[in-house]
Amino acid sequence: MSADSTSTPKSASTRGLDRYFQISERGSSVKQEIIAGLTTFLAMVYSVIVVPSMLGAAGFNQNAVFIATCLVAAFGSLLMGLWARLPMAIGCAISLTAFTAFSLVLGQGVSIPVALGAVFLMGVLFTLITVTGIRGWLMRNLPTGIAHGTGIGIGLFLLLIAANGVGLVIKNPQAGLPVAFGDFVSLPVIMSLVGLAAILGLEKRRVPGGILLVIIAISVFGLIFDPNVKYHGFFALPTFGGEGSLIGSLDIMGALNPVILPTVLALVMTAIFDATGTIRAVAGQANLLTERGNIISGGKALTADSVSSIFAGFVGGSPAAVYIESAAGTAAGGKTGLTATTVGLLFVVMLFLAPLSYLVPAYATAPALMYVGLLMLSNVSKLDMNDSVDALSGLLCAVFIVLTGNIVTGIMLGFVSLVIGRIVSGDFKRLNIGTVIIAIALVVFYAGGWAI
């Protein structure tokens, strides 16, 4: 009798989870979903170190950004899991973090409150574009080559940022090209290269949390051998207010300044061209596509993605997006929202481990950043060289993203080259009116001097 009484609540609880998340219906189990959630968490938890490091370089309070990063990942993943019921985790996007830190704040000299206001407005506009169907229209008119080229360019951009951050690539002090090779025998450079190689090996072996393991190992090495790395503690209650807090510090009116609005548009455009592809890729791996190739609960997934950026701007984080590392969880068997819900709950726990972020030197996070950049370069294999105008326009887009340090500049040049290339080649019948409208709008945007 006692055995029945103890097992019944468990079975009832399991049945409730199964029914809500449609676990059995999608061919999974509660255990499998939780393991998948843990796998995704281990694959993306490096973000709580990388994002504060990048924004910290731009003057943000790193402890406040750590809290914001955890809150965004918890909010976004829980929203995706409990509402959209899909196995996709959301967090502060590394590429958009780089844009916010290095292009917006450091490059353009925008203040931190105004930058957060821009992130908030980006989220609002992004959500409106999503719920009104405009996002779908834009995606339908986004040429395949430029879509892949954007991912390639962002990957190159991240590689350059990470390499420069540890001194592997430096500003050329001599005449010639803008960059030069750094000090190969310096500790940051050696550890970054060793760490990157280790991540490649661990990911090849499909070790869950391989990126995190490398960050931890290099951080321990630094704590032992690098006097600049110091222990500040393990556990701490998160502080949501007081000095240095970023929660509610956004300046929306400042972001509405005509000088800043192009940045908001740039963030929206970047998110449109990057996030939707990630969502579809993860959904495809988990077999969560309809017979017509649409994402199951796709509208909710896209909305959860965009609403999370609104939340990010309020709490002091960078724009949010579905993490491609979610594919690690779907590869581990995740098929339902319980996977994402597990990720969200684990990021709530991370809120109480903030001191650990101070143990991580730049050369511990650089390998993770470079690895993400390399992953994004895999889009090269998706280019169709049989359609050379489309493929080479995508590569032009990619190259100028990194040469100019500006994502939208690359996209604009890609669109222009595609439209003109189609016309000159006599292949103009393959152009649609939407692509032409977007190309003209981008040219006007730049010719009018509104681009950042």
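None of the values given here were measured: they were computed from a predicted structure.

Caption draft 1: Here's a closer look at the packing of aromatic side chains. Within the structure shown, the criterion is met by six aromatic pairs. Ring plane angle 40° and centroid distance 4.8 Å describe the contact between phenylalanine 221 and phenylalanine 225, whose orientation is recorded as tilted. Taken together, the positions of phenylalanine 221 and phenylalanine 225, both in helix α10 (residues 210-225) and four residues apart, correspond to about one turn of that helix. Accessibility expressed as a relative area gives 28% for phenylalanine 221, which makes it partly exposed.

Caption draft 2: Examining the nonpolar core more closely. Residues Tyr46, Phe60, Met80, Ile94 and Phe347 are the most contacted members of the largest nonpolar core, which totals 128 residues. It is helix α4 (residues 62-84) that contributes the most residues to this core, 12 residues altogether. Ignoring sequence-local partners within four residues, the contact set of phenylalanine 60 consists of Leu55, Val65, Val105, Ile112, Leu116 and Leu246.

Caption draft 3: Looking closely at the environment of asparagine 61. Tracing the backbone through its elements, the reader meets asparagine 61 in the loop between α3 (47-57) and α4. The class of asparagine 61 is partly exposed, set by a relative accessible area of 32%. In this structure the C-alpha to C-alpha distance between asparagine 61 and serine 245, which are 184 residues apart in sequence, comes to 7.6 Å. For asparagine 61, the contacting residues outside a window of four places in its chain are Gly244 and Leu246. At 2.9 Å, the side chain of asparagine 61 and the backbone nitrogen of alanine 64 are in polar contact.

Caption draft 4: Here's a closer look at the packing of helix α5 (residues 94-108) against helix α6 (residues 112-131). Taken N-terminus to C-terminus, the directions of α5 and α6 make an angle of 135°; their axes are 11 Å apart at the nearest point. What the angle tells us is that α5 and α6 run oblique. The interaxial crossing formed by α5 with α6 has right-handed handedness. Where α5 approaches α6, its residues Leu96, Thr100, Leu104 and Val105 are matched on the opposing element by Ala115, Ala118, Val119 and Met122. Looking at the contact of α5 with α6 residue by residue, the class counts come to seven nonpolar, one polar and no charged.

Caption draft 5: A look at the environment of glycine 222. The topology assignment puts glycine 222 in helix α10. Classification of glycine 222 as buried rests on a relative accessible area of 0%. Apart from residues lying up to four places away in sequence, glycine 222 is in contact with Val229 and Tyr363.

Caption draft 6: Highlighting the pattern of salt bridges. Considering all chains together, one arrives at four salt bridges under this definition. The shortest N-O distance in the salt bridge between arginine 422 and aspartate 427 comes to 3.5 Å. On the basis of relative accessible area, arginine 422 is assigned to the buried category, the value being 6%. Take aspartate 427: its relative accessible area is 26%, and that puts it in the partly exposed class. Arginine 430 is the partner of aspartate 427 in a salt bridge, and the nearest nitrogen-oxygen pair spans 3.6 Å. Three or more residues are tied together by salt bridges with common partners; here these are Asp387, Arg422, Asp427 and Arg430.

Definitions and limits used
Residues numbered from 1 in each chain as written. Predicted model: local features only at pLDDT ≥ 70, side-chain atom pairs only at ≥ 80, totals over all residues. Heavy atoms only, no water. Phe/Tyr/Trp six-rings, centres within 6.5 Å; stacked < 30°, edge-to-face > 60°. Helix = DSSP H or I, 4+ residues; strand = E, 2+ residues; numbered from the N terminus. Buried < 20%, exposed > 50% of the residue type's maximum accessible area, 1.4 Å probe, protein only. Core = buried A, V, L, I, M, F, W, Y, C linked by side-chain atoms within 4.5 Å. Contact = heavy atoms within 4.5 Å. Polar contact = N/O pair within 3.5 Å; in protein donor to acceptor, adjacent residues only side chain to side chain. Axes fitted to C-alpha atoms, helices over the stretch in contact; angles between N-to-C directions. Parallel < 35°, antiparallel > 145°, perpendicular 65-115°, else oblique. Left-handed = near helix turned anticlockwise from the far one by under 90°. Nonpolar A, V, L, I, M, F, W, Y, C, P; charged D, E, K, R; others polar. Salt bridge = Lys/Arg side-chain N within 4 Å of Asp/Glu carboxyl O.

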